[in-house]
Amino acid sequence: MKVLLTGAAGFIGMHCAQKLLARGDEVVGLDNFSPYYSVQLKKDRVARLKHARFSFSETDIADAPALNALFQKTRPDAVLHLAAQAGVRYSLENPQSYVQTNLVGFANVLEACRHHPPRHLVFASSSSVYGDNPNLPWSESHNVDHPVSLYAATKKANELMAHTYSHLYGLNTTGLRFFTVYGPWGRPDMSPMLFASAITQGKPIQVFNHGDMKRDFTYVDDIAEGTIRVLDKPAKYAIFNIGNHQPVALLDYIAALERAFGLEANLEMKPMQPGDVKSTYADTTALREAVGFAPSTPLDKGLERFAAWFKEYYRP
């Protein structure tokens with residue numbers, strides 16, 4: 001199968017590409033190397049994908065003519081759309097970036113798929129669409145009409161746009177609501193990397209809401225496995241949570257990081273950040289029933305692997 005994978009230089013994108021290549025698929029990767037975080041880290045990820053069945057295009061999904069040309073040239077069997085402007089807090093600082101990439105860019109992907117229909121388009125949504133829903137665990141049947149960040153609003157919009165194209169043009173589309181993904185080669189703006197950098201440099205960790213938070217931390221290999229299983233099962237239109245179904249208190253998570261690094265953290269308690277939510281918790285029943293798999297890697301084991309990679313990659 002030939003898979004066009006947007007965001008191939010991204011955290012989840014690289015891991016999905018590796019799994020696809022390992023099982024014999026052809027991968028056409030694209031990424032625009034956005035400077036939102038380290039471009040060198042992104043290039044290092046792509047360097048790990050060197051393979052006879054991997055090709056790469058430095059393309060911005062907001063550039064419709066370039067994207068259409070790539071679809072015309074490659075004629076993918078399936079599309080895995082992971083390119084996005086990520087981050088809840090950054091959406092408060094640079095909203096235009098979210099509009100261009102997550103709205104304009106996604107519309108371009110949908111249009112390209114309409115003109116060159118793949119058997120399945122799987123795209124990244126986010127657990128952030130649930131907003132501050134107090135009814136835990138979060139289920140796909142819950143109302144998601146009240147996002148609390150622009151990032152979440154763009155992801156909700158993606159789900160609606162995909163449904164429209166499925167309805168109007170018969171495009172098979174599935175959205176995946178990822179829950180707090182962590183692991184080797186992670187994003188520097190997310191807590192594992194931020195906290196690991198602080199712990200190893202003896203700097204304080206900023207602990208928001210005074211530590212009274214929980215997250216459904218999900219190991220990246222589980223995310224990649226679930227994503228590819230979904231890609232293999234086209235649906236007219238579907239939405240799935242993909243999380244570990246085991247929320248962890250923020251202070252317990254920091255303690256697990258301390259164990260993984262063998263160092264003690266210096267905590268700096270902070271109030272709740274605008275756009276953030278207190279807890280996330282995925283109901284993964286629908287995913288398990290659809291593809292026979294749901295994430296389950298224990299946090300301690302995942303953080304051990306993350307710490308080993310971090311120490312190697314950032315070795316002085």
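Everything that follows concerns the structure shown earlier in this document.
Residues numbered from 1 in each chain as written. Predicted model: local features only at pLDDT ≥ 70, side-chain atom pairs only at ≥ 80, totals over all residues. Heavy atoms only, no water.

Q: So what exactly am I meant to see when it comes to the sheet that holds strand β3 (residues 54-58) here?
A: The strands making up a sheet associate through hydrogen bonds between their backbones, and the pairing can be parallel or antiparallel. If you trace the seven strands from one edge of the open sheet to the other, you get β3-β2-β1-β4-β5-β6-β11, paired in parallel fashion. Strand pairing shows two members of the sheet lacking a second neighbour, β3 and β11 (237-242), which therefore form its edges. Direction aside, neighbouring strands of the sheet carry axes that sit 20° apart on average. Against the sheet, helix α1 (residues 11-22) contacts β1 (2-6), β2 (26-31), β3, β4 (78-81) and β6 (173-178), and its axis sits at roughly 170° relative to β1. (Pairing = 2+ DSSP bridges. Helix = DSSP H or I, 4+ residues; strand = E, 2+ residues; numbered from the N terminus. Axes fitted to C-alpha atoms, helices over the stretch in contact; angles between N-to-C directions. Contact = heavy atoms within 4.5 Å.)

Q: Just to check I follow, could you spell out unusual backbone geometry for this structure?
A: Among all residues save glycine, negative phi is the norm, and among peptide bonds the norm is trans. Of note, the bond from L136 into P137 is cis; its omega dihedral lies within 30 degrees of zero at -5°. Relative to the assigned elements, P137 resides in the loop between β5 (120-126) and α6 (150-169). Look at T180: it is not a glycine, yet its phi comes out positive at around 30°. Examined against the element boundaries, T180 turns out to sit in the loop between β6 and β7 (181-182).

Q: Help me out: how do you make sense of the nonpolar core in this one?
A: If you look at soluble globular proteins, the nonpolar side chains tend to sit buried side by side. Within the largest apolar cluster, 66 residues are counted, with the highest numbers of intra-cluster contacts made by L5, F178, Y253, F261, L303 and F306. Setting aside chain neighbours within four positions, we find L303 in contact with Y182, Y253, A256, L257 and A260. In this structure, F106, L110, C113 and I239 belong to the second largest nonpolar core, which totals 20 residues. (Core = buried A, V, L, I, M, F, W, Y, C linked by side-chain atoms within 4.5 Å. Buried < 20%, exposed > 50% of the residue type's maximum accessible area, 1.4 Å probe, protein only.)

Q: Help me understand the packing of helix α7 (residues 191-201) against helix α9 (residues 250-261) in this model?
A: A pair of packed helices is captured by two measures, namely the crossing angle of their axes and the spacing between those axes. The contact between α7 and α9 brings their axes to 11 Å, and the two run at 55°. It follows from the interaxial angle that α7 and α9 lie oblique. The handedness of the crossing between α7 and α9 is right-handed. Judged by residue contacts, S191, P192, F195, A196, I199 and T200 of α7 engage L250, Y253, I254, L257 and F261 from α9. The residue makeup of the contact of α7 with α9, split by class, is nine nonpolar, two polar and no charged. (Parallel < 35°, antiparallel > 145°, perpendicular 65-115°, else oblique. Left-handed = near helix turned anticlockwise from the far one by under 90°. Nonpolar A, V, L, I, M, F, W, Y, C, P; charged D, E, K, R; others polar.)

Q: Teacher, can you tell me more about the pairing of β5 here?
A: As a general feature of sheets, a regular strand has side chains that alternate between the two faces. Taking burial as the measure, the seven residues of β5 include seven buried ones, the bulk of the element. A two-sided burial pattern is seen for β5, the buried positions comprising H120, V122, A124 and S126 on one face and L121, F123 and S125 on the other. The sheet contact formed by β4 and β5 spans four bridges and is parallel. From the neighbouring strand, A78 faces β5, where its bridge partner is H120. In terms of strand pairing, β5 meets β6 through six bridges, oriented parallel. Residue pairing in the sheet places S125 in a bridge with R177 of β6. Following the chain from β5 across α6 to the adjacent parallel β6, one finds a crossover that is right-handed. (Right-handed = clockwise from strand over helix to strand, strands pointing away.)

Q: For this particular structure, what's the right way to read the pattern of salt bridges?
A: It is possible for side chains of opposite charge to pair when their charged atoms get near one another. Using the criterion set out here, one finds 14 salt bridges in the structure. Among the salt bridges present, the one from D189 reaches R187, with a minimum N-O distance of 2.8 Å. On the basis of relative accessibility, which here comes to 27%, the residue D189 falls in the partly exposed class. Looking at R187, the relative accessible area reads 18%, which means it is buried. Connected through salt bridges with shared partners, the residues K19, E225 and R229 form a single ionic network. (Salt bridge = Lys/Arg side-chain N within 4 Å of Asp/Glu carboxyl O.)

Q: What am I meant to see in the packing of aromatic side chains here?
A: Two measures describe an aromatic ring pair: the distance that separates the ring centres and the angle between the ring planes. The final tally for this structure, using the stated rule, is 26 aromatic pairs. On the basis of an interplanar angle of 40° and a centroid distance of 5.4 Å, the ring pair of F33 and F56 is categorised as tilted. Linking F33 in the loop between β2 and α2 (39-47) with F56 in strand β3, this pair joins segments that are 23 residues apart in sequence. With centroids separated by 6.1 Å and ring planes inclined at 75°, the aromatic side chains of Y98 and Y151 adopt a geometry described as edge-to-face. (Phe/Tyr/Trp six-rings, centres within 6.5 Å; stacked < 30°, edge-to-face > 60°.)

Function-wise, these values are silent; they only describe arrangement.
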